[in-house]
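As a plain string of letters, each chain reads:
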Amino acid sequence: MPPSSQESSVTVEPDLPTTMRAVTRRVYGGPEVVDIEQVPRPDPGPGEVLVKVAAAGLDRATLHLLTGLPYAARAAFGLRRPRQPVLGQQVAGQVVAVGEGVSGYAAGDRVFGTAAGSLAEFAVADVATVATTPESVSDVEASTIGVSGLTALGAVVTQGRVQKGERVLVLGGSGAVGSFAVQLAARHGAEVTAACSGAKTEFVAGLGAHRTVDYRTTSLAQMGDPFDLIIDIGGNRSVGRLRSALRPEGRLVIVGGEGGGPMLGGIQRNFWASIANRFTRRELGWFFSRTTSQGCAQLAEEISTRTIVPSIDRIVGLAEASRALTAMQRGELRGQAVICP
Ligand SMILES: NC(=O)c1ccc[n+]([C@@H]2O[C@H](COP(=O)([O-])OP(=O)(O)OC[C@H]3O[C@@H](n4cnc5c(N)ncnc54)[C@H](OP(=O)(O)O)[C@@H]3O)[C@@H](O)[C@H]2O)c1
């Protein structure tokens, strides 16, 4: 459904409650510091819409914002304690109020994308980071696109430039980003090898991986002949080792990974990749996702035709958010958990 063309100043529906339930944390810590609080409902500012949240996909960044790790991230999110107490960033739901200058959306429109503090009954989103939800895509599915889906799309298709017949290695094929990445690479005709933990190999094969390897028992060198493209989403392998697993003109896209230390969390690998890239025919790079309405719409279109299907491990309520975060921390999820208020 195309966005409506109604132009509006701040329009808030009269029956909206002034407070809302939200998943909060007032200090940095593990899932045990997570609380459910009644907090003031936000209002949309200029260029923003207020979304009644139907679903919020849980991704790793939410865990980082919960723990405040790596420490470097605290410069942006609050040095001593989190500035934004409400967790969550991926969102899908219905517009219930529009801010000044918003012309593309009106109350009642279904939207999805990102909104800071999406683990709540309401959240405010910048219209530049949301798109209209296609009729055939559920809110639960749409809520996995804004960060996880778009990161995979950007890494595999935009920056990775995956081609039919190429040998692609997805390191971390079973998670929120990886489950999209495997499907996208396979759908573009690549021969996909996906690394995950042993218990999840069947799940990842079901996403379209031609070969699965257990990263706990298989070294990078044993994962197969050199690859045309490596999408690095899990672990903390050195740029040098990743480079050795590439064909002479292969491409590396570092997306993320845990275990890179409490201060920088592995971001230093991006720096090394940029340096090493100057001295090789291979393309060594990294990708940092930025949510755009256009990207959201592009991936939602694929999902509406079922060429890509978001992997939902579980759907739980706000009260279960802490447990879902624990499950993510322990590596128990296949795809991602979605929180529905
Ligand atoms: N650059 C960006 O814009 C961007 C955006 C989103 C996320 N990220 C980052 O990307 C990473 C993944 O995010 P996510 O939301 O997909 O997290 P996730 O759902 O927890 O997935 C993590 C994945 O990494 C795998 N893994 C763990 N250890 C591994 C190892 N040693 N070797 C290979 N794979 C390993 C896991 O496999 P098992 O579960 O099977 O053990 C799982 O597939 C995080 O570091 C996150 O911060 C970056």
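If you check an unreviewed UniProt entry, the protein appears there as Putative oxidoreductase, Zn-binding from Phycicoccus elongatus Lp2.

What follows covers the pairing of strand 12 (residues 227-232). Taking burial as the measure, the six residues of strand 12 include six buried ones, the bulk of the element. Here strand 9 (residues 167-171) runs beside strand 12; their pairing, made up of four bridges, is parallel. For Val-168, the partnering residue across the bridge sits in strand 12 and is Leu-229. Traced from strand 12 through helix 7 (residues 239-244) to strand 13 (residues 246-254), the parallel crossover comes out right-handed.

On to the UniProt feature "domain: Enoyl reductase (ER)" (unreviewed entry) in the protein. Under the feature "domain: Enoyl reductase (ER)" (unreviewed entry), the UniProt entry names residues 29-339. The span residues 29-339 shows a helical share of 27% and a strand share of 26%, and its end C-alpha atoms are spaced 20 Å apart.

Let's shift gears to the site of the ligand. Near the ligand, the surroundings consist of 25 residues, among which Ser-197, Lys-200, Tyr-215, Glu-258 and Ser-289 are the closest. Backbone polar atom of Val-177 to an oxygen atom of the ligand: 2.9 Å apart, as the coordinates give it. A distance of 2.6 Å separates an oxygen atom of the ligand from a polar side-chain atom of Lys-200. Burial of the ligand by the protein chains amounts to 85% of its free accessible area of 930 Å². Where the shell around the ligand is concerned, the elements lending two or more residues are helix 1 (60-67), helix 4 (145-159) and helix 5 (176-187). Looking at side-chain class alone, the shell around the ligand contains nine nonpolar, twelve polar and four charged residues.

Next up on the list: the domain arrangement of the protein. Domain boundaries assigned for the protein yield domain 1 (11-144 + 311-339) and domain 2 (148-286). Placing a centre on the C-alpha atoms of domain 1 and another on those of domain 2 gives a separation of 28 Å. In this complex, domain 1 contributes 16 residues to the contact, which on the side of domain 2 involves 18 residues. Summed over both partners, the interface of domain 1 with domain 2 comes to about 1200 Å²; 49% of that surface belongs to carbon and sulfur atoms. Between domain 1 and domain 2 we count zero salt bridges in total. Between the two partners, domain 1 and domain 2, sit eight residue pairs in polar contact (both at pLDDT 80 or more). Looking at the side of domain 1 that touches domain 2 residue by residue, the classes come out as five nonpolar, seven polar and four charged.

Before going further, it helps to spend a moment on the sheet that holds strand 12. Spatial strand order, 11-10-9-12-13-14: six strands in an open sheet with parallel pairing. A strand with exactly one partner marks an edge of an open sheet, and here the two such strands are strand 11 (211-214) and strand 14 (283-286). Neighbour-to-neighbour, the strand axes of the sheet open up by a mean angle of 15 degrees, direction not taken into account. Running at roughly 150 degrees to strand 14, helix 8 (residues 268-276) makes contact with strand 12, strand 13 and strand 14 of the sheet.

Calculation criteria
Residues numbered from 1 in each chain as written. Predicted model: local features only at pLDDT ≥ 70, side-chain atom pairs only at ≥ 80, totals over all residues. Heavy atoms only, no water. Buried < 20%, exposed > 50% of the residue type's maximum accessible area, 1.4 Å probe, protein only. Helix = DSSP H or I, 4+ residues; strand = E, 2+ residues; numbered from the N terminus. Pairing = 2+ DSSP bridges. Right-handed = clockwise from strand over helix to strand, strands pointing away. UniProt positions renumbered as here; feature names shortened; annotations may be inferred. Near = heavy atom within 4 Å. Polar contact = N/O pair within 3.5 Å; in protein donor to acceptor, adjacent residues only side chain to side chain. Areas by Shrake-Rupley, 256 points an atom, 1.4 Å probe, with all protein chains shown as cover. Nonpolar A, V, L, I, M, F, W, Y, C, P; charged D, E, K, R; others polar. Domains from an automatic or database assignment. Contact = heavy atoms within 4.5 Å. Buried area = accessible area lost by both parts, 1.4 Å probe. Salt bridge = Lys/Arg side-chain N within 4 Å of Asp/Glu carboxyl O. Axes fitted to C-alpha atoms, helices over the stretch in contact; angles between N-to-C directions.

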